[in-house]
Amino acid sequence: HTRLVSDQNDYGARNKKNLSVGTIGSNSYVPKGLTKEQYAAIRKKEDEKKKANYQKNVAKAGKFLDYTQFYLDRGTDVGEKWFQSPTRGHRMAKT
């Protein structure tokens, strides 16, 4: 019997779960040319990178622009001057 968890699928719930990279045992696969310790270090680094990326995405979750405000700021409700601009009313973002 499992207990009901209402927030198990919420964004960020991964932090509450007991997830980890498995340890390398005596019968585990290790790529040729690497020692067990080197392979374990690579796996640990990849796991930390994955966790950092997830945290970055969790921090961005739920932050939305109000389209109505964008629409009004652009001036779409009062004229078509925005259509003549080089970006045709789009907001450009540097990535």
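Placed above this text is the structure.
On a predicted model such as this, the values are computed, not experimentally measured, just so you know.

Visitor: Requested: an account of the overall build of the protein, with residues and values cited.
Guide: Counting secondary structure elements, the protein contains two helices and zero strands. Judged by the C-alpha coordinates and their principal axes, the protein covers about 70 × 45 × 15 Å. By residue count, 13% of the 95 residues in the protein fall in the buried class. Taking the contacts inside the protein whose residues are at least 6 apart along the sequence as the reference set, 32% of them involve residues at least 24 apart. Of the accessible surface of the protein, which amounts to about 9,100 Å², a share of 53% is contributed by carbon and sulfur atoms.

Visitor: I'd love a proper account of the layout of surface pockets, names of residues and values included.
Guide: Over the atoms, a rolled probe matching the size of one water molecule traces out where space is still vacant. Empty space within the largest pocket amounts to approximately 240 Å³. Its residues assigned to classes, the lining of the largest pocket shows three nonpolar, three polar and five charged.

Visitor: Help me get a handle on a nonpolar patch on the surface, residues and values and all.
Guide: Judged by side-chain polarity, Tyr67, Tyr71 and Leu72 come together as a nonpolar surface patch covering roughly 300 Å² of accessible area. Relative to the helices and strands, Tyr67 is located in helix α2 (residues 67-74).

Visitor: Lay out helix α1 (residues 36-60) with the relevant residues and their values.
Guide: Compared with an ideal rise of 1.5 Å per residue, which puts 25 residues at 36 Å, α1 spans 37 Å between its outermost C-alpha atoms and is within 8% of the ideal. Looking at α1, one finds that the buried residues are Tyr39, Asp47 and Tyr54. After α1 finishes, the residue Gly62 shows a positive phi value of roughly 80 degrees.

Visitor: Could you give an account of the packing of aromatic side chains, with specific residues and numbers?
Guide: Counted by the stated rule, this structure contains one aromatic pair. For the pair Tyr29 and Tyr39, a centre-to-centre distance of 6.3 Å together with 90 degrees between the ring planes defines the contact as edge-to-face. Taken as a pair, Tyr29 in the segment before α1 and Tyr39 in helix α1 lie far apart in primary sequence, ten residues in all. The exposure class assigned to Tyr39 is buried, which follows from its relative accessible area of 16%. If you follow Arg14 out to its NZ or CZ, it ends over the ring of Tyr54, 3.9 Å from the centre.

Visitor: For the pattern of salt bridges, give the residues involved together with the corresponding values.
Guide: All told, the structure shown has two salt bridges when counted by the stated rule. We note a salt bridge from Glu48 to Lys44, for which the minimum N-O separation is 2.9 Å. With Glu48 and Lys44 both in helix α1 and four residues apart, the pair spans about one turn of that helix. Exposure remark for Glu48: the relative accessible area of 44% places this residue in the partly exposed category.

Visitor: Explain the environment of Gln38 residue by residue, including any values.
Guide: Summarising the element assignment, Gln38 is placed in helix α1. With a relative accessible area of 40%, Gln38 lands in the partly exposed category.

The rules behind these values
Residues numbered from 1 in each chain as written. Predicted model: local features only at pLDDT ≥ 70, side-chain atom pairs only at ≥ 80, totals over all residues. Heavy atoms only, no water. Helix = DSSP H or I, 4+ residues; strand = E, 2+ residues; numbered from the N terminus. Buried < 20%, exposed > 50% of the residue type's maximum accessible area, 1.4 Å probe, protein only. Contact = heavy atoms within 4.5 Å. Areas by Shrake-Rupley, 256 points an atom, 1.4 Å probe, with all protein chains shown as cover. 1 Å grid on protein atoms, 1.4 Å probe; cavity = no way out; pocket = protein on both sides within 12 Å on 5 of 7 lines; lining within 4 Å. Points joined across faces, edges and corners; volume = space filled by probe spheres on them. Nonpolar A, V, L, I, M, F, W, Y, C, P; charged D, E, K, R; others polar. Patch = residues over 30% accessible without salt bridge, like charges linked within 9 Å, V, L, I, M, F, W, Y side chains within 5 Å. Salt bridge = Lys/Arg side-chain N within 4 Å of Asp/Glu carboxyl O. Expected span 1.5 Å × (residues − 1). Phe/Tyr/Trp six-rings, centres within 6.5 Å; stacked < 30°, edge-to-face > 60°. Lys NZ or Arg CZ within 6 Å of the ring centre and 35° of its normal.

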